[in-house]
Amino acid sequence: MAAVHEDGSRRGHGRYTLTETEHGRAWGVCDAVDGFFGEPRRGTYELFGWVPEGAEVRGWIGNRTWLVPDDGTIDPWLLEDAQSPGRLPGADSLVLTGADDYEGPPEGHRGRVRVHDGHRWLGSCREFTRILPRERPAPPFVLRGLAPDDRLRAALAKGTRRALDLEQAALEIRDDGGRPLTERLLRARITDWRPSSVGGDLIDLELDGYFFEPAPEHVRPVWERWLAGPPDAPGAWAGLDTRRRWAWHDLVRERAAHRPAGDRPAGHTYELDGRYVTDEPGFYLALGEAVNGPGGYFGGCLPALDDCLGGTFGYTAPATLLWRDSATARAHLSRTLTPEGLPCDLFAVLLDVLARGGMRVIRA
């Protein structure tokens, strides 16, 4: 099984292409990267006066965890990929961490807050505080065995701060078969370079790691599977837990941006294997494969699903979806919560969205 190979052990060159975003010209290509996986920056919260509603909160909590102010004066806010080490020893508080770059809480909010994971209420606290993380130097991000183009060689020879700041760039990533998989945007500020041990005219190019958001370590097995090549049969994700299913879906969605799907004519019948639809990502992964084959994409949230039903994603209305083992999804998706914490039948909502998009569902 192929890997990102941060030790540079994979033979050949070309998995990674460092490209300027303005004109799409390549700065260079290489086959190994150090620092691609790591610990992304996360928000940390201490919830004082924590009162659990059910089992104690510990470990990974969910892809979307909502903090809901009890007084209803402001909207709930989202903590993505949330996890917790549990209660602090000798204290009545709980620590939560997660990604909160886009929907963080308002400054200075005080008052009771309830917490849910989209399926059940986890507990409540009387107030909370956001803990500022301790500053730590970012690990270097190194492109090993890079074959630089002439412009990059000229910038390195010049060596000034301005010349070594390549500004906005994209790291384009291909699988073992040379097929585009995804890309990562970064600010390419060069901090060091040296001749590569790989030999030839290749170099090891070190970029400021502060400007690169690493992929979390828990997604490494998912990346390794996709870097080996796309799945050749449906359901390759079925054995993954919910957290890694979302990581699998991230790559499915990003890969789809590089692979426009040809729409089938109206009247087609799609068949969805519902045996493994035990969570929300499982539904979108199974539906994507039903419409677009193994590793196929067809939405990842309600608005995205609605967009896909509008065309250009492999589907033309009207059509029929034969949903086998739909009872599995009904058992797992019928009792969910909205961001505000109101009861929601996600299974019924999905059926309604599909119907409005011209897809007649036959449940089997």
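Residues numbered from 1 in each chain as written. Predicted model: local features only at pLDDT ≥ 70, side-chain atom pairs only at ≥ 80, totals over all residues. Heavy atoms only, no water.

Considering the sheet that holds strand β18 (residues 269–273)
Right, on to step 1. Sheet architecture is open: 3 strands sit in the order β18-β19-β22, paired in parallel fashion. Each having just a single partner strand, β18 and β22 (359–363) make up the two edges of the open sheet. Taking each pair of neighbouring strands and ignoring which way they run, the sheet shows an average axis angle of 25°.
Right, on to step 2. For strand β19 (residues 319–324) and β22, the ladder comprises 5 bridges, and the chain directions are parallel. Within β22, the residue paired with Thr320 across the bridge is Arg360.
Right, on to step 3. This element, helix α4 (residues 280–292), spans β18, β19 and β22 of the sheet and lies at about 145° to β18. (Pairing = 2+ DSSP bridges. Helix = DSSP H or I, 4+ residues; strand = E, 2+ residues; numbered from the N terminus. Axes fitted to C-alpha atoms, helices over the stretch in contact; angles between N-to-C directions. Contact = heavy atoms within 4.5 Å.)

So, unusual backbone geometry
For residues other than glycine, phi is negative in most cases, and the peptide bonds are mostly trans.
Right, on to step 1. In this structure, the amide linkage connecting Ala317 to the following residue, Pro318, adopts the cis form with an omega of -5°.
Right, on to step 2. Structurally, the position occupied by Pro318 is in the loop between α5 (302–309) and β19.
Right, on to step 3. With phi around 50°, Asp81 is a residue other than glycine that occupies positive phi space.
Right, on to step 4. With respect to the helices and strands, Asp81 occurs in strand β8 (residues 77–87).
Right, on to step 5. Even without a glycine there, the phi angle at Thr312 is positive, about 70°.
Right, on to step 6. Its location among the elements puts Thr312 in the loop between α5 and β19.

Some points on the sheet that holds strand β10 (residues 113–116)
Right, on to step 1. Taken in spatial order, the 8 strands make up an open sheet running β6-β11-β10-β7-β8-β9-β5-β12, and their pairing is antiparallel. Every other strand in the sheet has two partners, leaving β6 (51–52) and β12 (127–131) as the edge strands with one partner each.
Right, on to step 2. As defined by bridge partners, β8 adjoins strand β9 (residues 94–99) across 4 bridges and the pair is classed as antiparallel. Pairing of Gly86 across the sheet is with Val95, part of β9.
Right, on to step 3. The sheet strands contacting helix α3 (residues 242–256) are β7 (59–69) and β8, and the helix crosses β7 at an angle near 85°.

Let's talk about the pattern of salt bridges
Right, on to step 1. Counting across every chain of the model gives 29 salt bridges.
Right, on to step 2. For Arg112, the salt bridge goes to Asp70, with nearest N and O atoms at 2.9 Å. Taken together, the residues span a long stretch of sequence, with Arg112 in the loop between β9 and β10 and Asp70 in the loop between β7 and β8 at a distance of 42 residues.
Right, on to step 3. Of the residues examined, Asp70 reaches a relative accessible area of 43% and is grouped as partly exposed. (Salt bridge = Lys/Arg side-chain N within 4 Å of Asp/Glu carboxyl O. Buried < 20%, exposed > 50% of the residue type's maximum accessible area, 1.4 Å probe, protein only.)

Observations concerning the state of the cysteines
Note on terminology: a disulfide is the covalent bond linking the sulfur atoms of two cysteines.
Right, on to step 1. The final tally for this structure, using the stated rule, is 0 disulfides.
Right, on to step 2. In this structure Cys301 is a free cysteine whose sulfur lies 9.1 Å from that of Cys308, the closest cysteine sulfur available. (Disulfide = S-S within 2.5 Å.)

Examining α3
Right, on to step 1. Taking 1.5 Å of rise per residue, 15 residues should cover 21 Å, and α3 covers 21 Å from first to last C-alpha, within 8% of that figure.
Right, on to step 2. Taken together, the buried positions of α3 are occupied by Arg243, Arg245, Trp246, Ala247, Trp248, His249, Leu251, Val252, Glu254 and Arg255.
Right, on to step 3. Elements that come into contact with the buried residues of α3 comprise β7, β8, β15 (180–195), α2 (220–227) and α4. (Expected span 1.5 Å × (residues − 1).)

Brief notes about helix α6 (residues 326–333)
Right, on to step 1. Every buried residue belonging to α6 is among Ser326, Ala329 and Leu333, and all of these are buried. Seen along its axis, α6 keeps its buried residues to an arc of 60°; they face one direction. Seen from the buried face of α6, the exposed residues on the opposite side, beyond 90 degrees, are Ala327 and Ala331.
Right, on to step 2. Looking at the packing, one finds that the buried side of α6 touches α4, β19, β20 (336–337), α7 (346–356) and β22. (Arc of directions from axis to C-beta.)

Here we look at the nonpolar core
Right, on to step 1. Formed by 66 residues in total, the largest nonpolar core has its most connected members in Phe36, Leu205, Trp223, Phe283 and Leu305.
Right, on to step 2. The element best represented in this core is α4, accounting for 7 residues.
Right, on to step 3. When sequence neighbours within four positions are dropped, the list of residues in contact with Phe283 reads Leu272, Val277, Leu305, Trp323, Leu333, Leu350 and Leu354.
Right, on to step 4. Grouped together as the second largest cluster of nonpolar side chains are 16 residues, Val57, Leu96, Val113 and Val115 included. (Core = buried A, V, L, I, M, F, W, Y, C linked by side-chain atoms within 4.5 Å.)

Some points on the side chain of Ser84
Right, on to step 1. Structurally, Ser84 can be placed in strand β8.
Right, on to step 2. Overall, the relative accessible area of 5% leaves Ser84 in the buried class.
Right, on to step 3. Of note is the side chain of Ser84, whose polar atom sits 2.9 Å from the backbone nitrogen of Gly86.
Right, on to step 4. With near-sequence residues (within four places) excluded, Ser84 lies in contact with Val57, Arg58, Gly59, Ile61, Leu94, Val95 and Leu96. (Polar contact = N/O pair within 3.5 Å; in protein donor to acceptor, adjacent residues only side chain to side chain.)

Observations concerning the pairing of β7
Right, on to step 1. Bridge count for β7 against β8 is 7 bridges, and the pairing is antiparallel. Paired with Gly59 across the bridge in β8 is Ser84.
Right, on to step 2. As defined by bridge partners, β7 adjoins β10 across 4 bridges and the pair is classed as antiparallel. The partner of Pro69 across the bridge, within β10, is Val113.

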